[in-house]
There are 2 protein chains.
Amino acid sequence: MAELIEPRVLKGFRDFLPDIELERKRVQGILEATFERFGFVPIDTPVLEYTDILLGKGGGETDKQLYRFQDNGGRDVAMRFDLTVPFARFMAAHVQELYLPFKRYHIAKVFRGENTQRGRYREFTQCDFDIVGVDSPAADFEILLLMRESFYALGIDRVQIHLSHRGIFNRALQRLKVQDKGIEVLRTVDKIKKIGEEAVQTQLKQLVGTVAAEEILQFGKPESSFLATLEKITSIAGGPAEDTERLHSIYHWFQDLGIQDSFLLDPSITRGLDYYTGIVYETFLLDLPGIGSVCSGGRYNDLASLYTKERLPGVGSSIGLDRLLAALEELGKKPECTGVTEILVFCLEDRLFGDYHKIAQELRRAGFATEVFPEQRKLANQFSFAEKKKIPLGVFLGSEEKSRGVFSLRDLRTRVTYENLTLPGLTAKAKELLGKQ
Amino acid sequence: MAELIEPRVLKGFRDFLPDIELERKRVQGILEATFERFGFVPIDTPVLEYTDILLGKGGGETDKQLYRFQDNGGRDVAMRFDLTVPFARFMAAHVQELYLPFKRYHIAKVFRGENTQRGRYREFTQCDFDIVGVDSPAADFEILLLMRESFYALGIDRVQIHLSHRGIFNRALQRLKVQDKGIEVLRTVDKIKKIGEEAVQTQLKQLVGTVAAEEILQFGKPESSFLATLEKITSIAGGPAEDTERLHSIYHWFQDLGIQDSFLLDPSITRGLDYYTGIVYETFLLDLPGIGSVCSGGRYNDLASLYTKERLPGVGSSIGLDRLLAALEELGKKPECTGVTEILVFCLEDRLFGDYHKIAQELRRAGFATEVFPEQRKLANQFSFAEKKKIPLGVFLGSEEKSRGVFSLRDLRTRVTYENLTLPGLTAKAKELLGKQ
């Protein structure tokens with residue numbers, strides 16, 4: 001006999017067993033339905049792309065994490081590491097066939113060969129949604145509203161979205177005459193939740209001096225209300241402008257919809273990337289502060305400037321589905337897995353398989369997920385199968401019952417059996433036991 | 001300005017624009033619901049695996065088509081080229097955590113760097129479903145029934161599943177004392193639909209001589225009925241045995257369910273692979289014979305013998321989703337794409353955005369997919385957007401109407417406007433116009 005190959009998977013990659021895959025599909029389905037209720041439509045792009053497309057100006061961290069190789073035709077190719085770069089390439093390629101503003105969502109696997117410490121995966125699922133082709137407060141508001149609605153749809157109402165505006169921050173840096181250190185300041189302030197205020201203060205002082213550091217720290221601190229914070233940062237930035245007006249509009253719309261409590265103006269949010277130009281945001285679960293942001297993003301000036309001259313401003317957000325699934329489980333918002341099959345037709349005599357399949361078809365037509373045990377085995381074996389597969393109901397039919405045209409139905413959870421049921425009686429009883437209409 | 005990168009995709013790879021992606025999701029959703037109604041559960045496996053896992057005994061065609069490379073850790077890895085090999089590895093790894101018989105479905109992308117002539121893709125979606133851990137006629141029957149049900153669920157009832165049994169064919173070859181040429185004979189017979197009977201006859205004669213060739217050709221020809229064909233092949237195989245009895249059982253169950261007309265006993269079906277050991281089948285659309293089989297598979301003795309000593313017999317089937325989607329379109333079974341958004345709230349005055357978002361939320365709660373045009377632009381621009389996005393209804397609100405607490409609703413398809421509607425009136429009219437409950 002040949003030697004066996006060990007059935008291992010690559011580090012950072014995972015198999016998804018049915019219970020987990022069903023839960024992933026459930027959550028994905030809720031998100032998709034929510035996005036579509038807001039008029040967002042799905043797209044998909046290839047897993048594999050030309051490396052120059054994915055790297056763009058490239059280099060740096062991304063480069064090292066890339067799954068990159070030469071294909072059989074000698075092309076330099078790589079697996080996508082996020083959904084933003086493929087989306088930019090997609091918009092540049094298809095903007096003429098589409099319409100603007102274009103609202104899309106994309107839920108798909110991405111690949112990063114990064115260090116797998118800290119429970120990170122090398123293959124994971126991202127869920128991105130963006131509005132492209134418009135630079136307006138109403139589009140910003142819509143993304144924020146949709147973020148909130150998505151978490152509510154998943155049963156999470158204790159959610160808080162922290163938002164800020166990079167334009168106001170940039171104006172403050174300009175007023176303090178430290179705009180040339182902009183990116184370093186951004187990245188330093190961005191660490192405040194991780195390393196604490198004192199450490200950030202020390203680093204800022206070294207970077208821009210004591211006075212500017214003090215004002216920047218002041219800038220980053222939320223006041224007692226959205227409007228009070230807005231007033232303070234407006235002043236530090238040198239007065240009102242389009243950016244602060246935009247936050248005013250957005251806040252009034254929060255009030256119009258009565259949802260202002262889900263949003264916090266938190267000027268310490270900067271999103272380290274120089275990519276963002278307008279509002280930026282992160283989402284925290286009030287009952288799980290430790291896991292960090294579960295949905296982040298912001299507004300960008302120009303999505304696809306590497307690939308087209310057409311200017312495409314946009315605003316978007318991204319959910320890490322793996323982290324969200326972990327959060328739902330920890331919050332107890334993952335419904336108890338009840339299995340897929342609702343009724344198992346037991347095999348008592350294999351010459352009755354025709355009847356078993358007939359009753360199964362009838363039950364499926366009546367709306368029950370139904371399967372027939374496909375072999376005559378000991379009843380204990382079939383019961384154990386039903387238990388492992390979490391099937392709540394069993395149907396039994398032997399020759400004697402067949403001759404009388406009746407069935408038995410057993411609630412496998414309570415172990416109560418209902419005998420001598422006709423087909424309509426069986427269906428009605430099963431509906432009652434499963435709480436179905 | 002930096003030079004632009006051309007936003008191209010790799011040959012054999014595709015972007016999916018919203019209309020196509022929505023249709024793919026619709027079809028996939030119908031298949032998933034059908035599989036789950038039969039108690040099949042979903043799994044997923046990594047896109048990337050160790051090459052030795054994917055190649056197994058390996059070599060040959062597969063090897064050349066593989067997207068294979070060294071990852072950053074120096075591992076020899078490759079992208080999955082089908083869903084069967086990963087499933088075998090999955091079962092070997094997880095059989096102890098699962099239950100048998102295990103019924104799974106798996107819909108996912110696979111990758112083959114093959115020649116892209118003849119409209120073949122290098123990235124395409126497969127849809128596999130299998131019952132593993134049991135070798136019984138009832139399991140064979142269930143897969144055949146589920147294949148039929150899947151096409152019916154998609155609105156295709158003019159479907160015919162051609163089936164045969166490799167065991168009976170092997171017995172015939174044995175009786176004719178040509179079993180040592182088994183695989184070559186199989187592959188020759190398998191070509192009959194492609195190259196015609198005469199060519200197959202010539203090749204068979206060269207392979208096994210005139211007499212055996214004649215009997216093999218006779219074996220391959222369906223008679224006027226399932227039972228007549230079964231009788232003939234039973235005789236050529238040397239008499240009844242478990243294999244012919246199995247086909248008898250399956251046929252009787254077809255009759256019990258009144259579905260026998262969807263199945264043809266077609267002994268020319270062999271499925272070239274030496275992998276199969278029991279029933280084998282292919283599915284043809286009666287209105288599109290030219291596209292060949294859209295769903296094929298068979299029974300195998302042992303799924304995961306490369307990775308585990310545990311014997312796992314099974315029966316399964318595979319649908320090529322891309323070919324199926326093309327078929328649905330050609331058959332006119334693809335519903336006219338109506339877009340996702342049902343109601344567009346037009347922006348007449350941007351200071352009313354709070355009201356627009358409020359009415360949109362109300363309409364979403366009433367069950368309408370609703371979006372707000374996110375910027376004050378010329379009405380012509382907004383109308384053109386609605387048309388391109390195939391949005392059927394528009395809601396209008398100006399200051400004057402706001403002061404009276406009423407809205408206008410326009411059917412953008414018929415260009416009829418309904419004015420002075422209260423919110424309940426608006427909802428009722430929109431339901432009526434969209435034919436919603």
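It should be emphasised that the depicted structure is a prediction, and the values quoted were computed from it without experimental measurement.

Asker: Mind laying out the overall build of chain A, listing which residues take part and the relevant values?
Answerer: Counting its regular elements, chain A contains 17 helices and 16 strands. Its C-alpha atoms give chain A a radius of gyration of 28 Å, clearly above 22 Å, the size a compact globule of 437 residues would have. Projecting the C-alpha coordinates of chain A onto the three principal axes gives extents of approximately 95 × 55 × 45 Å. A total of 437 residues make up chain A; the buried ones form 45% of that total. If you take every contact in chain A between residues at least 6 apart in sequence, the share linking residues at least 24 apart comes to 65%.

Asker: An account of the pairing of strand S15 (residues 407-411) of chain A is requested, with residue identities and associated values reported.
Answerer: Residues and elements named next belong to chain A. Where strand S14 (residues 393-396) meets S15, four bridges bridge the pair, whose relative direction is antiparallel. By the bridge assignment for S15, Leu393 is matched with Asp411. Where S15 lies against strand S16 (residues 416-421), four bridges are found, and the strand directions are antiparallel. Residue pairing in the sheet places Arg410 in a bridge with Thr417 of S16. Here S15 hands over to S16 after four residues, with Arg415 in that stretch at a positive phi of 65°.

Asker: Go over the sheet that holds strand S9 (residues 276-285) of chain A with me, naming the residues and quoting the values.
Answerer: All names here are of chain A. Read from one edge to the other, the open sheet built from eight strands follows the order S1-S5-S6-S11-S10-S9-S7-S8, with strand pairing classed as mixed. Each of the sheet's edge strands pairs with one partner strand only, and the pair in question is strand S1 (41-42) and strand S8 (263-265). Inspection of the sheet shows strand S5 (residues 102-111) paired to strand S6 (residues 123-132) by 10 bridges, in the antiparallel sense. In the sheet register, Ile107 faces S6, and the bridge partner there is Cys127. Where helix H13 (residues 321-330) meets the sheet, its contacts fall on S6, S9 and strand S11 (314-320), and the angle it forms with S11 comes to roughly 55°.

Asker: Which residues make up the confidence of the model for chain A, and what values do they have?
Answerer: For chain A, the average pLDDT comes to 93, and 97% of its residues sit at 70 or higher. With pTM at 0.94, the complex prediction returns an ipTM value of 0.93.

Asker: Provide a residue-level description of the sheet that holds strand S14 (residues 393-396) of chain B, including the pertinent values.
Answerer: All names here are of chain B. With mixed pairing, the five strands of this open sheet are ordered in space as S13-S12-S14-S15-S16. Single-partner strands in this sheet number two, and they are strand S13 (370-372) and strand S16 (416-421). Averaged over all pairs of adjacent strands, the angle between their axes in this sheet comes to 20°, without regard to strand direction. Against the sheet, helix H17 (residues 423-434) contacts strand S12 (343-345), S14, strand S15 (407-411) and S16, and its axis sits at roughly 5° relative to S15.

Asker: Can you explain the interface of chain B and chain A? Please cite residues and give values.
Answerer: Residue-level contacts link 81 residues of chain B with 81 residues of chain A. Partitioning the side of chain B that touches chain A into residue classes produces 43 nonpolar, 13 polar and 25 charged.

Asker: Give me the lowdown on the relation of the copies chain B and chain A, citing residues and values where you can.
Answerer: When chain B is brought onto chain A, the operation consists of a screw motion whose angular component is 180° and whose axial shift is 0.0 Å, with 0.1 Å RMSD remaining. The transformation relating the two chain copies, once decomposed into turn and shift, fits a two-fold axis. Minimal C-alpha separation from the rotation axis in chain B is found for Phe69 of chain B, amounting to 3.1 Å. Same-surface contact between copies: 100% of interface residues of chain B are shared with the interface of chain A.

Asker: Report on the packing of helix H9 (residues 197-208) of chain B against helix H10 (residues 210-220) of chain B, specifying residues and quantitative values.
Answerer: All names here are of chain B. Running from N to C, H9 and H10 point in directions that differ by 140°, and their axes come no closer than 7 Å. If you check the angle between H9 and H10, you find them oblique. Relative to H10, H9 is oriented so that their crossing is right-handed. Contacts from Glu197, Gln201, Leu204, Lys205 and Val208 of H9 reach H10 at Thr210, Ala212, Ala213, Ile216 and Leu217. Grouping the amino acids of the contact of H9 with H10 by side-chain chemistry returns six nonpolar, two polar and two charged.

Asker: Give a description of the nonpolar core that names residues and reports values.
Answerer: Core analysis: the biggest nonpolar cluster contains 249 residues, and Val345 of chain A together with Val345 of chain B have the highest contact counts within it. Non-local contacts of Val345 of chain B, meaning those with residues more than four positions away in its chain, are made with Tyr356, Ile359, Ala360, Thr370, Val372, Phe373 and Val395 of chain B.

Asker: Account for the packing of helix H1 (residues 18-37) of chain B against helix H13 (residues 321-330) of chain B, naming residues and giving values.
Answerer: Residues and elements named next belong to chain B. At a closest axis distance of 11 Å, the pairing of H1 and H13 adopts a crossing angle of 105°. When the axes of H1 and H13 are compared, the pair comes out roughly perpendicular. Along the contact surface, H1 presents Glu23, Arg24 and Val27, while H13 presents Leu324, Leu325 and Leu328. Taken together, the residues of the contact of H1 with H13 break down into four nonpolar, no polar and two charged.

Asker: I'd like a description of helix H1 (residues 18-37) of chain A, backed by residues and values.
Answerer: Residue and element names in this part refer to chain A. Here H1 is 20 residues long and its end C-alpha atoms lie 28 Å apart, about the 28 Å a rise of 1.5 Å per residue gives. Buried within H1 are the following residues: Pro18, Leu22, Val27, Leu31, Thr34, Phe35 and Arg37. Two residues or fewer past H1, Gly39 is found with a positive phi of approximately 85°.

Asker: Residues and numbers for unusual backbone geometry, please.
Answerer: A cis amide bond links Leu100 of chain A with the next residue in sequence, Pro101 of chain A, at an omega value of -5°. Note that Pro101 of chain A resides in the loop between helix H4 (84-94) and S5. Residue Lys390 of chain B is not a glycine yet carries a positive backbone phi of 55°. Here Lys390 of chain B shows up in the loop between helix H15 (379-388) and S14. Positioned with a positive phi, Arg415 of chain B is a non-glycine residue whose angle comes to about 65°.

Asker: I'd like a description of the pairing of strand S5 (residues 102-111) of chain B, backed by residues and values.
Answerer: Residues and elements named next belong to chain B. Within S5, eight of the 10 residues are buried, leaving the element largely enclosed by the surrounding structure. Direction of pairing for strand S1 (residues 41-42) relative to S5: parallel, over a ladder of two bridges. Bridging across to S5, Pro42 finds its partner in Tyr105.

Asker: Just give me the short version of the environment of Leu265 of chain B, but keep the residues and values in it.
Answerer: All names here are of chain B. Following the sequence through the fold, Leu265 ends up in strand S8 (residues 263-265). Residue Leu265 is classed as buried on the basis of its 22 C-beta neighbours within 10 Å. Excluding residues that lie within four positions of it along the chain, Leu265 makes contacts with Leu163, Ser164, Pro222, Phe226, Thr229, Leu230 and Leu247.

Asker: I'd like to hear about the environment of Gly278 of chain B, residue by residue, with values.
Answerer: Residues and elements named next belong to chain B. Its location among the elements puts Gly278 in strand S9 (residues 276-285). Expressed as a C-alpha distance, the spacing of Gly278 and Gly298, which sit 20 residues apart in the sequence, is 6.7 Å. Excluding anything up to four places from it in sequence, Gly278 contacts Asp140, His165, Arg166, Gly167, Gly298 and Arg299.

Asker: Describe the environment of Ile391 of chain A, with residues and values.
Answerer: Residue and element names in this part refer to chain A. With respect to the secondary-structure elements, Ile391 resides in the loop between helix H15 (379-388) and S14. In sequence terms Ile391 and Glu371 are 20 residues apart; their C-alpha atoms lie 9.8 Å from each other. Those residues within four positions of Ile391 in sequence are excluded, and the remaining contacts are Gly339, Thr341, Leu344, Ala386 and Leu412.

Scoring rules and cut-offs
- Residues numbered from 1 in each chain as written.
- Chains lettered and ligands numbered in written order.
- Predicted model: local features only at pLDDT ≥ 70, side-chain atom pairs only at ≥ 80, totals over all residues.
- Helix = DSSP H or I, 4+ residues; strand = E, 2+ residues; numbered from the N terminus.
- Rg over C-alpha atoms; globule rule 2.2 N^0.38 Å.
- Buried ≥ 20, exposed ≤ 12 C-beta atoms within 10 Å, placed from the backbone.
- Contact = placed C-beta atoms within 7 Å.
- Pairing = 2+ DSSP bridges.
- Axes fitted to C-alpha atoms, helices over the stretch in contact; angles between N-to-C directions.
- pLDDT = per-residue confidence, 0-100.
- Nonpolar A, V, L, I, M, F, W, Y, C, P; charged D, E, K, R; others polar.
- Least-squares fit on C-alpha atoms with pLDDT ≥ 70 in both.
- Parallel < 35°, antiparallel > 145°, perpendicular 65-115°, else oblique.
- Left-handed = near helix turned anticlockwise from the far one by under 90°.
- Core = buried A, V, L, I, M, F, W, Y, C linked by C-beta atoms within 7 Å.
- Expected span 1.5 Å × (residues − 1).

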